[in-house]
There are 2 protein chains.
Amino acid sequence: MSQKNYKMIISYDGTRYFGWEHQPGKDTIQGKLEAVLEKLSGSYIEVLGAGRTDAGVHAKGMCAHFSLETELDAEELRRYFNRYLPEDIAVKQLREASPRFHARYNATGKTYRYTIYQGESKPVFDRKFVWTIDEKLDLEAMRAAAGELQGQHDFAAFCKAAGKNKSTVRTVDAIDIKAKGEYLQLTFHGDGFLRNMVRILTGTLVAVGKGELTPEDVAAILEEGDRRQAPPTAPAQGLCLIKVDYE
Amino acid sequence: MSQKNYKMIISYDGTRYFGWEHQPGKDTIQGKLEAVLEKLSGSYIEVLGAGRTDAGVHAKGMCAHFSLETELDAEELRRYFNRYLPEDIAVKQLREASPRFHARYNATGKTYRYTIYQGESKPVFDRKFVWTIDEKLDLEAMRAAAGELQGQHDFAAFCKAAGKNKSTVRTVDAIDIKAKGEYLQLTFHGDGFLRNMVRILTGTLVAVGKGELTPEDVAAILEEGDRRQAPPTAPAQGLCLIKVDYE
């Protein structure tokens, strides 16, 4: 028996977690997945994700990989995970991958969706997965601002604590804004996103929707590159990582 | 100003409640609604529901009425409720009704839906609103058993603690069993349902789906009228009151 490399797709309700990344003494998604592998193998095995979601952010299609020596086949391994993971984390798919597959380095794009509740009542059943905004939002202005943000830019104004020597240039090739009944869905696709970036972009688009900023203001903030000029970060609970792309 | 009678439609996530009916010292839906009216009016005002949902059962369309003297119009009153109710209870509609309108006595029918999760993974996002069943269920057998249960019958075998002098005859005119992706929806419509009746009917149909009972067994249990012969009650969390009918 030899070590194999596995790729898995995970969904989770991030409400009660301190984000993806393991932290001593705190419940995290990575930590819960690694705990199951430790139970199975008796030793620590790292689970590497395509990225790190913030505390309270959800996922329907996070991707991760790990190396393991086991007699279980992939479907048995998936069932083992689901049996021992808490009820708010599920492994949807698991399969053997090439030994060189790396969930983060091989990712070529990501889709995030931010959901806003705009109804007349209250979102009783999905209250933990939406941001409730009572004001009516101007979708045309939001779409114009989204047009300013799309493309390859330095997104320094739209991230938290950019590292000094790290590039803040990213390509966001689509920001789709769709009204669906009482909900508004903002779907972002890009080659990668900086820390808090989708939530700051959402906060910015909502500020435009409320008339607090114009699409031209957004273009100027992008140009200026100063985080303090961009609006506040939207709450974590409305955000979900939908899909990670690989070649 | 005089007292007016109001009709409202309420949705709630019943997870953390001891059911609809007020009970001293316990969180109930009726209790939370009455607490808002007491806050508004300064005195106790009874909120009368179309029926009583069990602890842990949800609703998208519970109906209730109450009498109140207020300067608020119906829409202001609805907003007042939603402002002071907890986030897992919402008033979807509220309007003035005829002084004779009574949510329970005037109800002519009810629709309940029971949702079963049958997927390969785990229902991470709606885990509090479904019953997860791993075994594959035989839908044709379930539909045949549903056919035996439809119509006017004495449902004494399918209710909890029937009162000695109360009729257990009800008419269930439709039991619809529908596979929707990873979910199975059992939708019941009838003139009224006895205590735990929808959950016992669901438990019975699931037992048929697993091959533990035949549709003929179900007909015999209905005929016999003995609760101890019918299968266990399905868990509360999968059940939702969808709609109450009025003439």
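Residues numbered from 1 in each chain as written. Chains lettered and ligands numbered in written order. Predicted model: local features only at pLDDT ≥ 70, side-chain atom pairs only at ≥ 80, totals over all residues.

Secondary structure summary: chain A contains five helices and 10 strands in total. By the compact-globule yardstick of 18 Å for 247 residues, chain A fits well, its C-alpha radius of gyration being 19 Å. Principal-axis analysis of the C-alpha atoms gives chain A an extent of 60 × 45 × 35 Å. Expressed as a percentage of its 247 residues, the buried residues of chain A come to 40%. (Helix = DSSP H or I, 4+ residues; strand = E, 2+ residues; numbered from the N terminus. Rg over C-alpha atoms; globule rule 2.2 N^0.38 Å. Buried ≥ 20, exposed ≤ 12 C-beta atoms within 10 Å, placed from the backbone.)

Right, let's talk about helix α2 (residues 74-84) of chain B for a bit. Residues and elements named next belong to chain B. Along α2, the positions that sit buried rather than exposed are Leu77, Arg78 and Phe81. Seen along its axis, α2 keeps its buried residues to an arc of 100°; they face one direction. α2 presents Glu75, Glu76 and Arg83 as exposed residues on the side facing more than 90 degrees away from its buried surface. Contacts from the buried residues of α2 go to α1 (29-41) and β4 (89-97). (Arc of directions from axis to C-beta. Contact = placed C-beta atoms within 7 Å.)

Superposing chain B onto chain A takes a rotation of 180° plus a shift of 0.0 Å along the axis, which leaves an RMSD of 0.0 Å. In symmetry terms, the pair is related by a two-fold rotation axis. Of every C-alpha in chain B, the one belonging to Asp126(B) sits nearest the axis of rotation, 4.3 Å from it. Looking at chain B, 100% of its interface residues are interface residues in chain A too, so the copies touch through the same face. (Least-squares fit on C-alpha atoms with pLDDT ≥ 70 in both.)

Glancing now at the domain arrangement of chain A. Residue and element names in this part refer to chain A. Structurally, chain A comprises domain 1 (4-97) and domain 2 (108-246). On a C-alpha basis, the centroid separation for the pair domain 1 and domain 2 is 27 Å. In this assembly, 14 residues from domain 1 lie in contact with 12 residues from domain 2. In the side of domain 1 that touches domain 2, the residues fall into six nonpolar, six polar and two charged. (Domains from an automatic or database assignment. Nonpolar A, V, L, I, M, F, W, Y, C, P; charged D, E, K, R; others polar.)

Attention shifts here to α1(B). Residue and element names in this part refer to chain B. The end-to-end C-alpha distance of α1 is 19 Å, a good match for the 18 Å that 13 residues give at a rise of 1.5 Å each. All of the buried residues along α1 are Ile29, Gln30, Lys32, Leu33, Val36 and Leu37. Taken together, the buried residues of α1 touch β1 (4-12), β2 (48-49), β3 (58-68), α2 and β4. Within two residues after α1, glycine 42 carries a phi angle of roughly 85°, on the positive side. (Expected span 1.5 Å × (residues − 1).)

What follows is about the interface of chain B and chain A. Contact with chain B, which involves 15 residues of that partner, is made by 15 residues of chain A. Secondary-structure elements contributing two or more residues to the side of chain B that touches chain A are β1 and β4 of chain B. Looking at side-chain class alone, the side of chain B that touches chain A contains six nonpolar, three polar and six charged residues.

What follows is about unusual backbone geometry. Residues apart from glycine generally show negative phi values, whereas peptide bonds are mostly found in trans. Residues and elements named next belong to chain A. Phi is positive for asparagine 196, close to 65°, though the residue is something other than glycine. Tracing the backbone shows asparagine 196 in the loop between β9 (183-190) and α4 (197-209). Classification of asparagine 196 by C-beta neighbours within 10 Å gives buried; the count is 20.

Take the packing of helix α3 (residues 139-149) of chain A against helix α5 (residues 215-224) of chain A next. All names here are of chain A. At a closest axis distance of 8 Å, the pairing of α3 and α5 adopts a crossing angle of 25°. Of the possible angle classes, the one that applies to α3 and α5 is roughly parallel. Considering only the axes of α3 and α5, their crossing is right-handed. Taking contact as the criterion, the partners of Ala141, Ala144, Ala145, Glu148 and Leu149 in α3 are, on α5, Pro215, Val218, Ala219 and Leu222. Grouping the amino acids of the contact of α3 with α5 by side-chain chemistry returns eight nonpolar, no polar and one charged. (Axes fitted to C-alpha atoms, helices over the stretch in contact; angles between N-to-C directions. Parallel < 35°, antiparallel > 145°, perpendicular 65-115°, else oblique. Left-handed = near helix turned anticlockwise from the far one by under 90°.)

Once that is clear, we can look at the environment of Gly49(B). Residue and element names in this part refer to chain B. Along the polypeptide, glycine 49 turns up in strand β2. Taking the C-alpha atoms as reference points, glycine 49 and histidine 102, separated by 53 residues in sequence, lie 8.6 Å from one another. Discounting residues that sit within four places of it in the chain, glycine 49 has contacts with Trp20, Gln30, Met62, Ala64, Ala103 and Arg104.

To continue, consider the pairing of strand β3 (residues 58-68) of chain A. All names here are of chain A. As defined by bridge partners, strand β1 (residues 4-12) adjoins β3 across eight bridges and the pair is classed as antiparallel. Note on β3: the bridge partner recorded for lysine 4 is leucine 68. As paired strands, strand β2 (residues 48-49) and β3 are joined by two bridges and run antiparallel to one another. Paired with leucine 48 across the two strands is histidine 65, which belongs to β3. Pairing of β3 with strand β10 (residues 239-246) involves two bridges; the strand directions are parallel. (Pairing = 2+ DSSP bridges.)

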